[in-house]
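Observations on chain architecture
Residue strings, one per chain:
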Amino acid sequence: MTQNDAALFAVGAAQWLSASSSRTSLGRDAVQLKGFATAAAPELTAAIKSVAAVSPFRHMVTPGGWPMSVEMTNCGDVGWLTDATGYRYDSLDPDTGGRWPAMPESFLRVATAAAAAAGFPSFAPDACLINRYAPGARLSLHQDKDERDFSHPIVSVSLGLPAVFLWGGSKRADKPRIVALHSGDVVVWGAASRLNFHGVKALSDGNHPLTGTFRLNLTFRHAL
Ligand code: SIN
Ligand code: FE2
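Description of the structure in this document. (Residues numbered from 1 in each chain as written. Chains lettered and ligands numbered in written order. Predicted model: local features only at pLDDT ≥ 70, side-chain atom pairs only at ≥ 80, totals over all residues.)

Further remarks concern the overall build of the chain. The number of helices and strands found in the chain is 3 helices and 13 strands. The C-alpha atoms of the chain give a radius of gyration of 18 Å, which matches the 17 Å a tight globule of 224 residues would have. Projected onto its principal axes, the C-alpha coordinates of the chain cover approximately 70 × 40 × 35 Å. Scored against the burial criterion, the 224 residues of the chain give a buried share of 37%. (Helix = DSSP H or I, 4+ residues; strand = E, 2+ residues; numbered from the N terminus. Rg over C-alpha atoms; globule rule 2.2 N^0.38 Å. Buried ≥ 20, exposed ≤ 12 C-beta atoms within 10 Å, placed from the backbone.)

Right, dumping it as structure tokens:
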């Protein structure tokens, strides 16, 4: 082995080590990529501001009549909605009457790279739900099942304040695993885990340099 070969080998090993140490399996076809989006986080956060300037965050109301504690908006070809009539994807924002803002280029780059790193090389998201959690906001256990084709994975990017993610199984009664999510972490689930239940515990108080007193989450889907 020449010195050059050794140097190349060391670089390869370092990359492999950091790749493996930042990756936690959550089960079949589900992985937490710790810090995958840390470098992109400031750009992603700025892009969220631009999206929200057009389609503001709002508390959507569930079909049962309850306002959600998490505030939401969307970007992409279609956005996820809940209202008195149910859950669906729509190309129009009901609050503005116009189309949802286009998916920022930085969103697409991170989502497709994370999906590829998780073993889904051809993910092409057409929808991004943006969640904003203030202290106390939570998301009860649910499945993402309003998309047409479950062969596409879900890519979820955490920004700002940390959260406790509940990673359940295929049945609501399955005891969820507790997963700490920090800014820059990306969770990808698909294939065998695509319909797993998941949720977010009530957000704790805090202050984060990127997002202040909030946690932001991007959930990328191929909805249509
Ligand atoms: C979601 O399930 O839509 C969001 C998950 C999260 O905020 O981490
Ligand atoms: Fe979800």
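Residue position: L129 is located in strand β6 (residues 127-133). Note: C-alpha distance between L129 and R23 (106 residues apart in sequence) is 24 Å. Setting aside residues up to four positions removed in sequence, L129 forms contacts with M72, N74, W80 and T219. (Contact = placed C-beta atoms within 7 Å.)

Because the α-helix completes a turn every 3.6 residues, residues three or four places apart line up on one side. Here helix α2 (residues 41-54) contains 14 residues, and its C-alpha end-to-end distance of 20 Å stays within 8% of the 20 Å for a straight helix at 1.5 Å per residue. Where α2 is concerned, the buried positions are A41, L44, A47, I48 and V51. Down the axis of α2, the buried set is contained in an arc of 120°. They therefore lie on one face. Among the exposed residues of α2, those pointing more than 90 degrees away from its buried face are A46, K49, S50 and A53. (Expected span 1.5 Å × (residues − 1). Arc of directions from axis to C-beta.)

This part takes up the site of ligand 1. With respect to spatial proximity, the complete set of residues near ligand 1 consists of N131, L139, S156, S158, F165, H198, V200, N217 and T219. Of all the elements in the fold, those that place two or more residues in the shell around ligand 1 are β8 (154-160), β12 (198-200) and β13 (215-221). Looking at the shell around ligand 1, its residues break down into 3 nonpolar, 6 polar and no charged. (Near = placed C-beta within 6 Å. Nonpolar A, V, L, I, M, F, W, Y, C, P; charged D, E, K, R; others polar.)

A few words on the pairing of strand β11 (residues 186-189). Of the two faces of β11, the one carrying V186 and V188 and the one carrying V187 and W189 are both buried. Judged from the 4 bridges that link them, strand β2 (residues 30-33) and β11 form a sheet pairing that is antiparallel. Following the sheet pairing, A30 is matched in β11 by W189. Judged from the 4 bridges that link them, β8 and β11 form a sheet pairing that is antiparallel. Bridge assignment links S156 to a residue of β11, and that residue is V187. (Pairing = 2+ DSSP bridges.)

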